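Geometric and topological summary
Below are the chains, spelled out letter by letter.
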Amino acid sequence: MTSSASNPSVIYNSPKDWEPWKTEFRKRADALDVWDLVDPDSFEPWPLRPTRPVVDDFPLKPNVATQLSNYRQQQEPGQSITVGTHTPAHQARDALDRPNVTTADLTAEGRALYIQAYNEYTHDERRYDETRKRLKKLTNWVLSSVSQSIQETSLLPGQNVRQWYQVLAETGKVYDGNLMLETRAQYQAHLKALSKSPRKLEDWLQRWQNLMAKGIRHRVPETLETQIWTSDLLATISPILGN
């Protein structure tokens, strides 16, 4: 499990808050070890509560198996017994009472298979409960960090936290696209700025480094390809350095 510092003050009020909010969301999801479950691009199935094994589904002793079979037949349409004043007591009891099957009614093989299935069930149940607790922590943080107006339009009842994240991501990606274009324009303008103030090379380099970091964050193509940004950098500073 990953541990990282998180920022409890991050609030999502509009798509412009998507970048810091998604970063905080990812940190918390990683720390809780549930990112694979909440990542919209993941194929990890959403956790479902395991089903407790039923004793009836395992090999039963012959007499108990017969009683259960008779009971089930009575429940079929057209096979039920009408209980009235002239119905013998034992027939009434058989018609109304389902056999109480316990592990004592299992064969030796059935008991071994049931124990194995029950052990697997208890293991899966503990794992499910632990996962649900972690998802609940993340869900509670989402509800506390997203504005009420956004919740009413995007975080709909009946959806899980992965579905909520996906909805917020769709609107956030539009804003991210705008940021990419804006940062790209800043990067390109900065390459031209040095020729106007060649004596401020040190300040220019510091600004260039900041724009490079911002460009990588917003997926600006020129900042992601080493061959491109090194060519841009050398072409800009070589005339200043006299090369």
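Everything below is about the structure printed above this text.
Please read all numbers here as calculations on a predicted model, not as lab measurements.

For the rest of this paragraph, the subject is the overall build of the chain. When helices and strands are tallied, the chain shows ten helices and zero strands. Evaluated residue by residue, the chain yields a buried proportion of 34% over its 243 residues. Across the chain, every contact between residues at least 6 apart in sequence was considered, and the portion connecting residues at least 24 apart equals 67%. For the chain, the accessible area works out to roughly 15,900 Å², and carbon and sulfur atoms hold 51% of it.

Taken as a whole, the largest pocket spans an internal volume of roughly 460 Å³. For the largest pocket, the lining is made up of 18 residues, of which L37, E44, P47, R127 and T131 are closest to its centre. Going through the elements one at a time, α2 (35-38) and α5 (108-145) are the ones with two or more residues in the lining of the largest pocket. The dominant element in the lining of the largest pocket, judged by the number of residues it contributes, is α5, at five residues. Its residues placed into classes, the lining of the largest pocket shows nine nonpolar, two polar and seven charged. When its volume is computed, the second largest pocket comes out at roughly 270 Å³. Contributing to the lining of the second largest pocket are 13 residues, with P40, D41, Y165, A169 and K173 lying nearest its centre.

Within the secondary structure layout, S145 lies in helix α5. Accessibility expressed as a relative area gives 2% for S145, which makes it buried. Side-chain polar atoms of S145 contact the side chain of W21, separated by 2.9 Å. Excluding residues within four positions of it along the chain, S145 makes contact with V10, I11, Y12 and W21.

So, on to the side chain of Q151. Tracing the sequence through the fold places Q151 in helix α6 (residues 148-154). Q151 sits in the buried class, given a relative accessible area of 14%. Residues in contact with Q151, not counting those within four places in the same chain, are L143, V146 and L156.

Enumeration according to the criterion identifies eight salt bridges in this entry. With a shortest N-O distance of 3.0 Å, D30 and R26 are connected by a salt bridge. Placement of both D30 and R26 in helix α1 (residues 18-31) is noted, with a separation of four residues, approximately one turn of the helix. Given the relative accessible area of 35%, R26 is considered partly exposed. Taking the shortest distance from any N to any O, the salt bridge between R72 and D56 comes out at 3.7 Å. With a gap of 16 residues between them, R72 in helix α3 (residues 62-75) and D56 in the loop between α2 and α3 connect regions that are remote in the sequence. On the accessibility criterion, R72 (42% relative accessible area) is partly exposed. Three or more residues joined by partner-sharing salt bridges are found here, namely R49, E125 and D129.

Analysis parameters
Residues numbered from 1 in each chain as written. Predicted model: local features only at pLDDT ≥ 70, side-chain atom pairs only at ≥ 80, totals over all residues. Heavy atoms only, no water. Helix = DSSP H or I, 4+ residues; strand = E, 2+ residues; numbered from the N terminus. Buried < 20%, exposed > 50% of the residue type's maximum accessible area, 1.4 Å probe, protein only. Contact = heavy atoms within 4.5 Å. Areas by Shrake-Rupley, 256 points an atom, 1.4 Å probe, with all protein chains shown as cover. 1 Å grid on protein atoms, 1.4 Å probe; cavity = no way out; pocket = protein on both sides within 12 Å on 5 of 7 lines; lining within 4 Å. Points joined across faces, edges and corners; volume = space filled by probe spheres on them. Nonpolar A, V, L, I, M, F, W, Y, C, P; charged D, E, K, R; others polar. Polar contact = N/O pair within 3.5 Å; in protein donor to acceptor, adjacent residues only side chain to side chain. Salt bridge = Lys/Arg side-chain N within 4 Å of Asp/Glu carboxyl O.

The analysis is restricted to geometry; functional conclusions fall outside its scope.
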